[in-house]
Amino acid sequence: MSARAPTRSRRIDDALSQLIDSILPPLTRSYSDDEDDAVATAEERRHRDRLDRAWHAIETHPDGANGLAATIAGNINNASDLIKRKLIRENASPDKAVKFSNLYSRLLTQPVLGQKWAILYLLYRLSE
Amino acid sequence: MPSQQDDKRQAAREVIDILHEISILLNTHLDRTELSLCVSLIENGVNPDVLADVIKELRKEATLAQRDE
């Protein structure tokens, strides 16, 4: 497989690579000089493997890297409701739900983001 | 007089501030850098369901790796 398949967006590739390094930092134990090269090569291969697996997941998902199809659009547009209900359900006091509502109102006034609901949906999916 | 570029950068920082607070409310365990990377990925068209699965998979691997050390 070529270093980076031509259809893969450079920006997505770079961001994925940095995200992988952040979640799975390379091994930091000290090695002798001989071992260093071997470990570095193994690390590089491991990183490449994770990046390819991430790309595979993106490219094989029905919506993949071409945005949001109708199948999940419903979910995503309701992301703020999903979050509010979760915060109410999982907390004795309504404080967190109220705080989220305030943050959400501020978010709606922000012009820079195009995919607000998709990002909120991601946070919902990653929440504990 | 701040340039348009400065305004845009300031607005981007504010958005990440807001999203980071929401992220903390939801216990996503994303740090600010990871959150910014996720925003970039989604703004560039990556599906949030797929990205969530990729992150969960990486975290599972990280947990196993720590256990082996």
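Scroll up to find the structure this text is about.
Residues numbered from 1 in each chain as written. Chains lettered and ligands numbered in written order. Predicted model: local features only at pLDDT ≥ 70, side-chain atom pairs only at ≥ 80, totals over all residues. Heavy atoms only, no water.

A. Layout of the overall build of chain B. A count of helical and extended segments in chain B gives 3 helices and 0 strands. When the helices and strands of chain B are listed from N to C terminus, the series reads α-α-α. Expressed along its principal axes, the backbone C-alpha trace of chain B runs to roughly 55 × 25 × 20 Å. A total of 69 residues make up chain B; the buried ones form 45% of that total. A distance of 0 Å separates the average location of the 8 positive side-chain charges in chain B from that of its 14 negative side-chain charges. (Helix = DSSP H or I, 4+ residues; strand = E, 2+ residues; numbered from the N terminus. Buried < 20%, exposed > 50% of the residue type's maximum accessible area, 1.4 Å probe, protein only. Lys, Arg positive; Asp, Glu negative; His and termini not counted. Charge placed at Lys NZ, Arg CZ, Asp CG, Glu CD.)

B. Local environment of the overall build of chain A. Assigned secondary structure in chain A consists of 6 helices and 0 strands. Starting at the N terminus, the α and β elements of chain A follow one another as α-α-α-α-α-α. Within chain A, the proportion of its 128 residues that are buried is 38%. By sequence separation, contacts in chain A at least 24 residues apart represent 55% of the contacts at least 6 residues apart. Roughly 7,600 Å² of accessible area belongs to chain A as shown, and the carbon and sulfur atoms make up 51% of that amount. (Contact = heavy atoms within 4.5 Å. Areas by Shrake-Rupley, 256 points an atom, 1.4 Å probe, with all protein chains shown as cover.)

C. Just the nonpolar core, in detail. If you look at the biggest cluster of nonpolar residues, it comprises 50 residues, and the most contacted ones within it are Leu 120 of chain A together with Leu 19 and Leu 51 of chain B. Residues within four places of Leu 51 of chain B in sequence aside, it is in contact with Leu 19 and Leu 122 of chain A together with Cys 38, Leu 41, Ile 42 and Val 46 of chain B. (Core = buried A, V, L, I, M, F, W, Y, C linked by side-chain atoms within 4.5 Å.)

D. Examining the environment of Asp 6 of chain B more closely. Residue placement: Asp 6 of chain B occurs in helix H1 (residues 4-25). Sequence separation between Asp 6 of chain B and Leu 64 of chain B is 58 residues, and the spatial gap between their C-alpha atoms is 43 Å.

E. Representation of the interface of chain B and chain A in the model. Facing 44 residues of chain B, the contacting portion of chain A comprises 50 residues. When chain B packs against chain A, close to 4,500 Å² is buried across both sides, 71% of that on carbon and sulfur atoms. Contact with chain A buries area across many residues of chain B, yet Ile 18, Leu 25 and Leu 26 of chain B alone supply 15% of it, more than any other trio. At the boundary of chain B with chain A, the tally comes to 6 salt bridges. For Glu 61 of chain B, the salt bridge goes to Arg 53 of chain A, with nearest N and O atoms at 3.4 Å. For the pair chain B and chain A, the interface holds 12 residue pairs in polar contact (both at pLDDT 80 or more). Elements supplying a minimum of two residues to the side of chain B that touches chain A: H1, helix H2 (32-43) and helix H3 (48-68) of chain B. A total of 13 residues in the side of chain B that touches chain A trace back to one element, the largest contributor, which is H3 of chain B. When its residues are assigned to classes, the side of chain B that touches chain A shows 24 nonpolar, 8 polar and 12 charged. (Buried area = accessible area lost by both parts, 1.4 Å probe. Salt bridge = Lys/Arg side-chain N within 4 Å of Asp/Glu carboxyl O. Polar contact = N/O pair within 3.5 Å; in protein donor to acceptor, adjacent residues only side chain to side chain. Nonpolar A, V, L, I, M, F, W, Y, C, P; charged D, E, K, R; others polar.)

F. Representation of unusual backbone geometry within the structure. Residue and element names in this part refer to chain B. Phi at Asn 27 takes a positive value of approximately 55°, unusual for a residue other than glycine. Counting through the fold element by element, Asn 27 comes out in the loop between H1 and H2. Positive phi outside glycine occurs at His 29, with the angle close to 65°. With respect to the element layout, His 29 can be found in the loop between H1 and H2.

Purely geometric numbers; function is a separate question.
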